[in-house]
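Residue strings, one per chain:
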Amino acid sequence: MSWCYRRLIRPVLFARDAEQIHGRTLRALGWAGRHELIGDVLESFFGAPDLPVELFGLRFPNPVGSAGGMDKFAEALPAWAALGFGFTELGGVTWHAQSGNPPPRLFRALAEEAIVNRMGFNNPGAEALAETLNRWRACGLWPAHPVGINLGKSKATPLENAAVDYAQSFRVLRSHADFFVVNVSSPNTVGLRQLQDKAALDEILAALQAVAGEKIKRPTFFSKGWQQTSLEIPPPILVKIAPDLAFEALDEILELSARRRIAGLVATNTTITRPETTDPETRRIYAEQGGLSGRPLAKRSTEIIRYIYKQTRGSLPIIGVGGVFSAADAWEKITAGASLVQIYTGLIYEGPGLARAIVNGLLEKMETEGFQTLRDAVGSGLRSQS
Ligand SMILES: Cc1cc2nc3c(=O)[nH]c(=O)nc-3n(C[C@H](O)[C@H](O)[C@H](O)COP(=O)(O)O)c2cc1C
């Protein structure tokens, strides 16, 4: 499939505007997901074998997820499981609906298998996303894998009010997802990455934890009639970090994560740095403002994963993301300390068979390396060094 996609389908898709194709693909996947039979056909082509991971009190059928930003409107929710993904991260969503930066805002650097984007959190807003998720549930098409939501800050909200903005989204969405990712690392909202600073991040996490502690009242029918009841276990909250952080800044986030009992880190978002290149077309794309993802990000994001794993002695779960294009890339992140991985750019370059190919490749790797469970492989690259 990968050969067929790369040689036949990709050139046709890549001849068109990147954002337009992304939009059309999501609409097609949304349509496919709404028709059970088509969903079954998709699954028979692309579904992945079981490679279960237990984490955050959740069961992931396999460790390969779709990354934040892929499906900001939850348009194609049922399709991600059919495409072999073991979990989905929806959003980034903000409290206020917003259209994002003016297009063009998504660029392919073909020779480097990379993408530059400055989407700027185009999204329907938290309340509209909650309604969409209600509709997916109501029609019985909720996927049989964990669903997370990526939370961003509204552009209109000043940085000093960021905590309230995140908390409002979280309050509306908390009962709609299995886990949440606090995105303080997108380079495309002015000042957002300053929220990685200890005091600002602490304020956001405190606000989210206050919301998590609020009792959710739900109408439940008892013999005496309807009563407001039910106290849910709060969903796990993770923080997504930038690859451009210095290790000292990362240490502060680790200290804060331990103090605030954060469930884990997502490492990493896109980078504002650009590698050297002599290719004029790549230079032209790299000159665009925005975050770079794909192959050039792989090494740095793995470096960050390794650092976190080492500093925390593996006590803080990591979702590894950045430049995963194959099972070998995923294995590198897992053995560096990631318990789960996510893909975005790899899917665009490698096509819809990627999640399945990665899971199959991971199963083979585990067999040749003699690991019974994937958990045994997590961080094993560091253990063998010491
Ligand atoms: C077009 C585009 C939009 C993205 N939007 C978001 C977003 O809304 N929230 C977020 O946390 N990350 C977002 N990301 C970052 C990805 O989730 C991921 O961290 C990054 O692309 C690195 O992974 P990759 O190399 O597999 O693409 C976006 C990436 C791309 C390419």
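Anything mentioned here points back to the structure above.
Residues numbered from 1 in each chain as written. Predicted model: local features only at pLDDT ≥ 70, side-chain atom pairs only at ≥ 80, totals over all residues. Heavy atoms only, no water.

### Observations concerning the packing of helix 11 (residues 327-336) against helix 13 (residues 354-369)
Heads up, the rule is: With axes taken as lines fitted to C-alpha atoms, and helix axes fitted only over the stretch in contact, angles between N-to-C directions fall between 0 and 180 degrees. Runs of H or I in DSSP of at least four residues are treated as helices and runs of E of at least two as strands, each being numbered from the N terminus. Convention used here: angles under 35 degrees read as roughly parallel, angles over 145 as roughly antiparallel, angles from 65 to 115 as roughly perpendicular, and any remaining angle as oblique. In this scheme the handedness of a crossing depends on how the near helix is turned from the far one: anticlockwise by less than a right angle means left-handed, clockwise means right-handed. In what follows, a contact means two residues having at least one pair of non-hydrogen atoms within 4.5 Å.
Running from N to C, helix 11 and helix 13 point in directions that differ by 60 degrees, and their axes come no closer than 8 Å. Relative to helix 13, the element helix 11 is oriented oblique. Regarding helix 11 and helix 13, the two cross each other, and that crossing is right-handed. Contact residues: Ala327, Ala330, Trp331 and Ile334 in helix 11; Ala357, Ile358, Gly361, Leu362, Lys365, Met366 and Glu369 in helix 13.

### Regarding the pattern of salt bridges
Going by this rule: The working definition used for a salt bridge is a side-chain nitrogen of Lys or Arg within 4 Å of a carboxyl oxygen of Asp or Glu.
Under the criterion given, the structure shown has 18 salt bridges. Residue Glu281 pairs with Arg284 through a salt bridge whose shortest N-O separation is 2.8 Å. Here Arg284 and Glu281 lie together in helix 9 (residues 280-286), a separation of 3 residues that amounts to about one turn. Through salt bridges with shared partners, one network takes in Arg6, Arg10, Glu113, Arg295, Asp329 and Glu350.

### Notes on the nonpolar core
The test is simple: Within this scheme, the nonpolar core is defined by two criteria: the residues are buried Ala, Val, Leu, Ile, Met, Phe, Trp, Tyr or Cys, and they are joined through side-chain atoms within 4.5 Å. Each residue gets one of three labels from its accessible area relative to the maximum for its type: buried under 20%, exposed over 50%, partly exposed in between, using a 1.4 Å probe on protein chains only.
Residues Leu133, Tyr166, Leu173, Ile241 and Ile308 are the most contacted members of the largest nonpolar core, which totals 101 residues. The residues contacting Tyr166, other than those within four sequence positions of it, are Leu151, Gly152, Lys153, Val182, Asn183, Val184, Leu192, Leu195, Ile204 and Leu208.

### Quick look at the pairing of strand 4 (residues 87-93)
Moving residue by residue along a regular strand, the side chains alternate between the two faces of the sheet. This is how it is decided: Note on handedness: a crossover is taken as right-handed if, strands pointing away from the viewer, the path from the first strand over the helix to the second is clockwise. Whether two strands pair comes down to DSSP finding at least two bridges between them.
The element strand 4 is largely enclosed, with a buried count of 7 among its 7 residues. Read as a crossover between parallel neighbours, the route from strand 3 (residues 64-66) over helix 4 (residues 77-82) to strand 4 is right-handed. The pairing of strand 4 with strand 7 (residues 147-151) spans 5 bridges and is classified as parallel. Bridging across to strand 7, Val93 finds its partner in Leu151.

### A short note on empty space enclosed by the protein
To find the voids left in a structure, one rolls a probe of water-molecule size over its atoms. The line we're drawing: Definitions used for this entry: grid spacing 1 Å over protein atoms alone; cavity, a set of points where a 1.4 Å probe fits but cannot get out; pocket, an open set with protein on both sides within 12 Å along at least 5 of 7 lines; lining residue, one with an atom within 4 Å of a point. Grid points are joined across faces, edges and corners, and a volume is the space filled by probe spheres set on the points. Only Asp, Glu, Lys and Arg are considered charged in this grouping, and only Ala, Val, Leu, Ile, Met, Phe, Trp, Tyr, Cys and Pro are considered nonpolar; every other residue, Gly among them, is considered polar.
Here the structure, examined in full by the defined rule, presents 1 cavity of 30 Å³ or more. Its volume calculated, the largest cavity comes out at about 450 Å³. Lining of the largest cavity is provided by 33 residues; of these, Gly68, Asn117, Asn269, Thr270 and Tyr344 occupy positions nearest its centre. Within the residue set of the lining of the largest cavity, elements represented by two or more residues are strand 6 (114-117), strand 13 (291-294), strand 15 (340-343) and helix 12 (345-350). Among the residues making up the lining of the largest cavity, the classes are represented as 12 nonpolar, 19 polar and 2 charged.

Everything listed is a geometric property; what it means functionally is a separate question.
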